[in-house]
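# Structural overview
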Amino acid sequence: MSTQLQSSTKQEPRRPQTVWWKRWWRRLPPSRQDRFATLGPLLAVLLFLSAIAVAITYLRFEELKRDQEAVTRDVEYAQQRLRLRLLERQEQLMRLAREVSNKEIEKDEFEFQVESLISQFPELMAISWIDARRNVLATYASPSAPVNLMRPVDSTLDAGDTDGSFELARDLRQPIYSRPMGEDPRNSVLMLQVPLSEQGRFAGTVMGEYSVDGLLRFGIPPEIMARYAVALVDDRGRVLAGSLQTPNEVLQLLPWSDQPMGHEVPVSPVGNGLILKAHGYRTSQDVVGSGFFWVIGALSALTVWMLLGTWRHTRRRVQAQQALVSETNFRRAMENSMLTGMRALDLQGRITYVNPAFCSMTGWTEGELVGRTAPFPYWPEEDHDLLAARLDDELNGRSTPGGFEVRVRRRDGSIFDARMYVSPLIDPHGHQTGWMTSMTDITEPKRIREELSASYERFTTVLESLDSAVSVAPLGSDEMLFANKMYRLWFGTRGQGHRHLVDLAGNQPTPSPDDGDAVDAFAGMPTETLTDAGAENAEVFAEELDRWLEVRTRYLTWVDGRLAQMVIASDITPRRLAEEQAARQTERAQTASRLITMGEMASSVAHELNQPLTAISNYCNGMISRLQDQRISPDELLGALEKTARQAQRAGQIIQRIRAFVKRSEPNPTLSDVPQMVSNAIELADIELRRQQVRLTPYVAARLPLLMVDPILIEQVLINLLKNAGESIAQAGRPPGNRSIELRVGPRRQEDQDVIEFSVMDTGNGVPDEMIERIYEAFYSTKSEGMGIGLKLCRSIVESHNGRMQVQNIYNGDEVSGCCFSFWIPVVSRLRADSTGESAPSRSLTDTERAR
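Note that the structure is a prediction, hence the values are computed from the model and not measured. (Residues numbered from 1 in each chain as written. Predicted model: local features only at pLDDT ≥ 70, side-chain atom pairs only at ≥ 80, totals over all residues. Heavy atoms only, no water.)

### A few points about the overall build of the protein
The helix and strand tally for the protein stands at 24 helices and 26 strands. When each of the 852 residues of the protein is scored for burial, the buried share is 38%. For the protein, contacts bridging at least 24 residues in sequence account for 59% of all contacts bridging at least 6. Element-wise, carbon and sulfur atoms account for 53% of the exposed surface of the protein, whose accessible area totals about 49,700 Å². (Helix = DSSP H or I, 4+ residues; strand = E, 2+ residues; numbered from the N terminus. Buried < 20%, exposed > 50% of the residue type's maximum accessible area, 1.4 Å probe, protein only. Contact = heavy atoms within 4.5 Å. Areas by Shrake-Rupley, 256 points an atom, 1.4 Å probe, with all protein chains shown as cover.)

So, in structure tokens, the structure goes:
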């Protein structure tokens, strides 16, 4: 009993559980176990090397980040110090300008205060009092200032001396900084223009000139200069003051060794024309860290190289074991994957071998075909005699090398066409043991060839019925490869007509004269680019046909591989005649539109001419009366005659401008000055606007490039838009304070090209939304007395210059407060402008106002 109890309570020992990766390892074949055993240490070394590289790289990048943040922080601090110094000098000059504007100080007091400022602040080189005509009224320059800054009193500044800052200060009525100026970058001068005003009018400026080098020396904190290489550079990257650290030719121990840290920031309030740039001084290389990295890297690379050698040896052994199996499988797979049927016959004509492709073609199995003799089951019954003769020729070695066509019957009774090729079957000892025959199904290629032949006939019929001449000829040859009926009717069957059309189109390439290839002079040359290119079009006049032809050429590769050129010539004489007639009609319509515009402005022009004529009459009557009474001296008589001449010149200019505007002429695109075109248009349009009590305010950007346009046509568009804007304001009945037109001209970027945009904004009633889409239609007008051709012609003129025109209403909340008509013209390329030998002059709003 106790024995049974003991046996029942005795526990059976547990079987140890095998880890899953051990079970997976045991299932692997020995070759893969060897491979994984070799790759394990290799991966461990690569991971260790990667960890070391990542750690060193991370620490280095963190150090670089901290250095960069320190440089950025210090440079921003230095820029703020420099900015505060500039603003302090600006405030002092503005205070001096207010005293001058209020006439609280005279020239002597001005020079005394200026001398005190310059001696107190060394960065100031000179301070001048300039009037509205650029005349120097008072000035004082530092003794250390360059000679060109010591301007004599009563001298006049040139427009280039201020780099446009004087004009901007006059227009904006606020202090303006110029860009750094001077031929020598190291002696550059920064100019500050503080405007003067007298009873609301511009009275000149107080011009302060800073030394850029002085700004660096006295405006940058010394602790910044001690830690960094600091310099002031302009927008072109030229160093104006200070110096930057040049790259050291030092051995770089680490692959990520970099150049000194740097940061740059524009100097406010000067802007992007003056940039503060600093580089941190380079420290010594971390030789210990670099050596540690390279030692670890070299040891790891050596270990990897040894493990790779062991792995390569194991791999060769595995490959040698699998070579025979792979070769056998490859040959069997090659035979089974062939689409060509293979059949082997012995010398008695018995089938000894067929591949799967042959069985798939005929529908018979290998067992049903091997061992069979003629007649074979895949022979059609009606072709037994022919195929038996073919088999006899095959067994006797009389088969043609190019093969022969036969008909083959499938197991289901269907027939297909095949081509067979026969070659002798040789054993390893060099003795012939039979014949190997390959069979290819040519049913589909034969059908395609027949369809291509029929398609060629249809295509030839279509080409023969075209009303355009089509010809194809090799390059540099008079041989005709193809010519349709219209070509033969115009030029005959020879190739001179083809060459003549190509010469007229002007796109015939010329082969090398020493090329000895008698078949194709362009043989061996790369022609893929020519054949891939699109067709080239040209409109030419054929004198022998007395026709205008549109010639389209394209390069192609002919069926024999030669490079050929196809020419398609279409008769476009009726279209050219219609285009010429349309151009004449458009020109007459433009001239008529200008005459209509001048007719509508006749009363205003007459009033404008009446003023100088009345003045001339009054001057003449006064001179006659005083001469009769002998109460006039020669000087008074000369002054009166000069005033009379100026009034006559003014009347003549008005008449000349009107005559040039309405004169009929052919469109003549030339490189035109935009400010001059705007000035001419304003001079005529302002006559009518003044009669309507409408104020015109032009804004023309400075330094606009030249435009390749017809200036008369662009002036016509501007006059028409300004005239329409004035009439819209008059119809709206706006009060005098709200009767204004704004003309803006400036550069823009439109449709990936540089353009000049002209916009006319009025304060009229705008254009109703339902009429905006129809406003450019011919003979459609929103005015009761309008003809509806003005805007149509304006849009045609703009589009003929590759521009675009648009209109949109201006809203003040939900209420229409005006309208804006705008158009843009593409800028002529710099290359084209240079080739004409002209340069674009710098113009600004002052030029436009002076022209008015």
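Read on for the rest.
### Some points on the nonpolar core
Counting 44 residues, the largest nonpolar core has F110, I127, V206, Y210, L232 and L276 as the members making the most contacts within it. Residue contributions to this core peak at ten residues, all from helix α3 (residues 30–101). The contacts of L276, once residues within four sequence positions are left out, are V75, A78, Q79, I220, V230, A231, L232, H263, E264, V265 and V267. (Core = buried A, V, L, I, M, F, W, Y, C linked by side-chain atoms within 4.5 Å.)

### Brief notes about the sheet that holds strand β26 (residues 815–826)
Ordered in space as β21-β23-β24-β26-β25, the five strands form an open sheet in which the pairing is mixed. The open sheet terminates on both sides in strands that have one partner only, identified here as β21 (695–700) and β25 (804–812). Averaged over all pairs of adjacent strands, the angle between their axes in this sheet comes to 20°, without regard to strand direction. Where strand β24 (residues 753–762) meets β26, eight bridges bridge the pair, whose relative direction is antiparallel. Within β26, the residue paired with V760 across the bridge is F821. Here helix α19 (residues 674–691) sits on the sheet and contacts β21, β23 (740–750) and β24; the angle it forms with β21, its principal contact strand, is near 175°. Lying on the sheet, helix α20 (residues 711–732) is in contact with β21, β23, β24, β25 and β26; it crosses β24 at an angle near 30°. (Pairing = 2+ DSSP bridges. Axes fitted to C-alpha atoms, helices over the stretch in contact; angles between N-to-C directions.)

### Considering the state of the cysteines
The tally for this structure, following the rule as stated, stands at zero disulfides. The thiol of C819 is unpaired, and the distance to the nearest cysteine sulfur, on C820, comes to 7.0 Å. For C819, a relative accessible area of 2% corresponds to the buried category. (Disulfide = S-S within 2.5 Å.)

### Some thoughts on unusual backbone geometry
Omega for the bond connecting S268 with P269 falls within 30 degrees of zero, at 10°, which places this linkage in the cis form. For the bond from A374 to P375, the omega torsion is 0°, close enough to zero to count as cis. Inspection of the secondary structure puts P375 in the loop between α10 (366–369) and α11 (384–395). A positive phi is found at R134, a non-glycine position, where the angle reads about 70°. Note that R134 resides in the loop between β1 (124–130) and β2 (136–141). The backbone of D752 shows a phi angle near 60°, a positive value even though the residue is not glycine. Inspection of the secondary structure assignment puts D752 in the loop between β23 and β24.

### Looking at the sheet that holds strand β17 (residues 536–542)
Read from one edge of the open sheet, five strands run β16-β15-β19-β18-β17, paired in antiparallel fashion. In this open sheet, the two edge strands, each paired with only one partner strand, are β16 (482–483) and β17. Bridge analysis of strand β15 (residues 469–474) against strand β19 (residues 563–571) gives six bridges, and the strand direction is antiparallel. Each bridged residue has a counterpart across the sheet, and for V470 the counterpart in β19 is I568. On top of the sheet, helix α14 (residues 496–505) reaches β15, β17, β18 (547–557) and β19; it is set at about 80° to β19, its chief contact.

### Details of the confidence of the model for the protein
Per-residue pLDDT for the protein averages 78, and the proportion of residues at 70 or more is 77%. When the elements of the protein are averaged for pLDDT, helix α24 (residues 845–851) gives the smallest value, 34, and β24 the largest, 93. Confidence drops under pLDDT 50 across residues 1–13; counting only partners more than four residues distant or on other chains, this segment forms zero contacts. Segment residues 249–254: pLDDT under 50, and ten contacts once partners within four positions in sequence are set aside and those in other chains are kept. (pLDDT = per-residue confidence, 0-100.)

### Observations regarding the pairing of strand β11 (residues 351–354)
Looking down a regular strand, the side chains alternate between one sheet face and the other. In terms of strand pairing, strand β10 (residues 341–346) meets β11 through three bridges, oriented antiparallel. Bridge assignment links L345 to a residue of β11, and that residue is I351. Once β10 ends, the chain turns through four residues before running back antiparallel as β11, passing G349 with a positive phi of about 90°.

### Observations concerning the packing of α19 against α20
Direction vectors running N to C along α19 and α20 enclose 30°, while the axes themselves pass 9 Å from each other. In the crossing of α19 with α20, the sense of the turn from one axis to the other is right-handed. Only P711, I714, E715, L718, I719, L722 and G726 of α20 make contact with α19, whose side of the interface consists of M677, V678, N680, A681, L684, A685 and L689. Here the contact of α19 with α20 is built from residues that sort into eleven nonpolar, two polar and one charged. (Left-handed = near helix turned anticlockwise from the far one by under 90°. Nonpolar A, V, L, I, M, F, W, Y, C, P; charged D, E, K, R; others polar.)

### Comments concerning the packing of aromatic side chains
Here the distance between the centres and the angle between the planes together describe a pair of aromatic rings. With the rule as written, the count across this model stands at nine aromatic pairs. With a centroid separation of 5.6 Å and 50° between ring planes, the pair formed by F110 and W129 is classed as tilted. With a gap of 19 residues between them, F110 in helix α4 (residues 107–120) and W129 in strand β1 connect regions that are remote in the sequence. Both residues of the pair, F110 and W129, belong to the buried class. (Phe/Tyr/Trp six-rings, centres within 6.5 Å; stacked < 30°, edge-to-face > 60°.)

### A short note on the side chain of Q90
When you line up the elements, Q90 lands in helix α3. On the basis of relative accessible area, Q90 is assigned to the buried category, the value being 12%. Among the polar contacts listed, one links the side chain of Q90 to the side chain of Y177, at a separation of 3.0 Å. Among all residues touching Q90, those that are not within four sequence positions of it are P175, Y177, L192, Y210 and P269. (Polar contact = N/O pair within 3.5 Å; in protein donor to acceptor, adjacent residues only side chain to side chain.)

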